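# Descriptive structure summary
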Amino acid sequence: MDAHAAADLRQERWFISLAVLGALYLAAVALRLLHFLGLPDLLLRRPTDLRRRYGSWAVVTGPTSGIGRSMSLELARRGLNVVLVGRDPAKLRDISDTITNTHAVQTKTVVFDLSLISTAQGDEAMRRLREAVEGLEVGVLVNNAGVAKPCAAFLHEFDAEAWMSMVRVNLWALTEVAAAVLPGMVARGRGAVVNIGSGSTEALPSFPLYTIYAATKRYVAQFSRSLYVEYRSKGVDVQCQVPLFVDTKMASGVVKATRFSPFVPTSDAYARAAVRWIGHGAICMPNAGHRVQRCLAAAVPDRVHDWLRLREHLRQRALFQRIRSERAAPRTSAMTTTVSS
């Protein structure tokens, strides 16, 4: 073999090696992307019968609107009886009637204003909740109730009680409700606790002007991660679901203003995906569109995220201030008229 042929052969081998390495790298990236988007879990480990796997009853907090209402209906559609926990008796009766008229399951309602947790009224409501679930085979708990207001505000713009009310609902009540149902799950050796967190704690480095909300949801994520490790050997799956924007009453003002509305699912669409993901890992983002957004967000530097979030939330702050002023104007006018009379 002459020198030119040997050189050509070496060059050909070098190109083949480079192509193989490139293919292996692309395959690794593709597999990582598929794992990041959660496709293996969705396709290979989807539970088919929650009632058989966990138990015949579910408890849902905040079931009268948004994600909570849709999750209650979806769990009932899958054959679970539902204990509905909320603060408005009329709305609880409405969702209870909707479930029983649509699905062949039972319901119970517990009136519980979670913002009163740790007070005498809250203690009494917690006692009623424990009585309601006593003797029931509670297989699934969905800790959905949450508060996002005050929203788009600096910390000093509201008094401490407004922020502490958010902390009581998003953090304290979630903890106490989980503690109330876990003993029965442990005794039966099966169950699932689903805590609804926020994608703001997983996909973004900061969430300015929603600081207390994001901080409480960060607690929910860490709380769930640790309980997942503690209880999985006891047959109990603990999970934190971290959705981005869902078209609910809580996020309606933001959703209408966002440019990414195609990535904003309805609460019903979210619930269908969310229920399929129960039992699949400590932290999950059930909606595919949300996972795509999270994947894209991971490529953006933290400083850019911080700047964009602050800019957007300042815009929302101005919008909400204008809305509050417009709502206050008729009341002020009415009071002036009354005084004049």
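Scroll up a little and you will see the structure.
A brief look at the structure comes next. These numbers were taken from a predicted model, which means no experiment stands behind them. (Residues numbered from 1 in each chain as written. Predicted model: local features only at pLDDT ≥ 70, side-chain atom pairs only at ≥ 80, totals over all residues. Heavy atoms only, no water.)

Before going further, it helps to spend a moment on helix α5 (residues 89–102). For α5, with 14 residues, the first-to-last C-alpha span of 20 Å sits near the 20 Å given by 1.5 Å per residue. Taken together, the buried positions of α5 are Leu92, Ile95, Ser96 and Ile99. Angular distribution of buried residues about the axis of α5 spans 100°; they occupy a single face of the element. Turned more than 90 degrees away from the buried face of α5 sit Arg93, Asn101 and Thr102, all of them exposed. Where the residues of α5 are buried, they touch α4 (66–77), β2 (81–86) and β3 (107–111). (Helix = DSSP H or I, 4+ residues; strand = E, 2+ residues; numbered from the N terminus. Expected span 1.5 Å × (residues − 1). Buried < 20%, exposed > 50% of the residue type's maximum accessible area, 1.4 Å probe, protein only. Arc of directions from axis to C-beta. Contact = heavy atoms within 4.5 Å.)

To continue, consider empty space enclosed by the protein. Scanning all chains against the criterion turns up one cavity of 30 Å³ or more. Of the volumes computed, that of the largest cavity is approximately 40 Å³. Lining the largest cavity we find Thr61, Leu114, Asn143, Asn144, Ala145, Val169, Ala173 and Leu174. The element contributing the most residues to the lining of the largest cavity is helix α7 (residues 160–188), with three residues. For the lining of the largest cavity, a count of residues per class yields five nonpolar, three polar and no charged. (1 Å grid on protein atoms, 1.4 Å probe; cavity = no way out; pocket = protein on both sides within 12 Å on 5 of 7 lines; lining within 4 Å. Points joined across faces, edges and corners; volume = space filled by probe spheres on them. Nonpolar A, V, L, I, M, F, W, Y, C, P; charged D, E, K, R; others polar.)

In total, this model carries three aromatic pairs according to the counting rule given. Relative to Trp163, the ring of Phe158 lies with its centre 6.0 Å away and its plane at 80°, an arrangement referred to as edge-to-face. In this structure Trp163 comes out as buried when scored by relative accessible area, which is 8%. Ring plane angle 15° and centroid distance 5.5 Å describe the contact between Tyr219 and Phe223, whose orientation is recorded as stacked. Placement of the pair is Tyr219 and Phe223 together in helix α8 (residues 211–231), with a separation of four residues, close to one helical turn. (Phe/Tyr/Trp six-rings, centres within 6.5 Å; stacked < 30°, edge-to-face > 60°.)

What follows concerns the sheet that holds β3. If you walk across this open sheet you meet the seven strands as β3-β2-β1-β4-β5-β6-β7, and the pairing is parallel. Looking along the sheet, the strands with just one partner apiece sit at the ends: β3 and β7 (283–284). Looking at chain direction, strand β5 (residues 191–196) and strand β6 (residues 236–241) are connected through six bridges and run parallel. Paired with Val193 across the bridge in β6 is Val238. Along the sheet, α4 contacts β1 (57–61), β2 and β4 (138–143); its crossing angle with β1, the most-contacted strand, is approximately 175°. Sitting on the sheet, α5 touches β2 and β3, and the angle it makes with β3 is about 170°. (Pairing = 2+ DSSP bridges. Axes fitted to C-alpha atoms, helices over the stretch in contact; angles between N-to-C directions.)

The next thing to look at is the packing of α7 against α8. It is the contact of α7 with α8, at a shortest axis distance of 9 Å, that shows an interaxial angle of 15°. In terms of their interaxial angle, α7 and α8 are classed as roughly parallel. Crossing geometry of α7 relative to α8 is assigned as right-handed. Contact residues: α7 offers Trp163, Met166, Val167, Asn170, Leu171, Leu174, Thr175, Ala178, Leu182 and Val186, while α8 offers Ile212, Tyr213, Thr216, Lys217, Tyr219, Val220, Phe223 and Tyr231. Partitioned by chemical class, the residues of the contact of α7 with α8 number 14 nonpolar, three polar and one charged. (Parallel < 35°, antiparallel > 145°, perpendicular 65-115°, else oblique. Left-handed = near helix turned anticlockwise from the far one by under 90°.)

Position of Val246 among the secondary structure elements: in the loop between β6 and α9 (252–257). On a C-alpha basis, the gap between Val246 and Gly66 in space is 8.5 Å, while along the polypeptide they are 180 residues apart.

On to the pattern of salt bridges, then. Per the stated rule, a full pass over the model turns up 14 salt bridges. Between Glu124 and Arg128 there is a salt bridge, and its shortest N-O distance comes to 3.9 Å. Placement of the pair is Glu124 and Arg128 together in helix α6 (residues 120–133), with a separation of four residues, close to one helical turn. Under the relative-accessibility criterion, Glu124 is labelled partly exposed at 33%. The class for Arg128 is partly exposed, based on a relative accessible area of 33%. Where salt bridges share partners, they join Glu124, Arg127, Arg128 and Glu131 into one cluster. (Salt bridge = Lys/Arg side-chain N within 4 Å of Asp/Glu carboxyl O.)

Without other data, these values stay purely geometric and don't point to any function.
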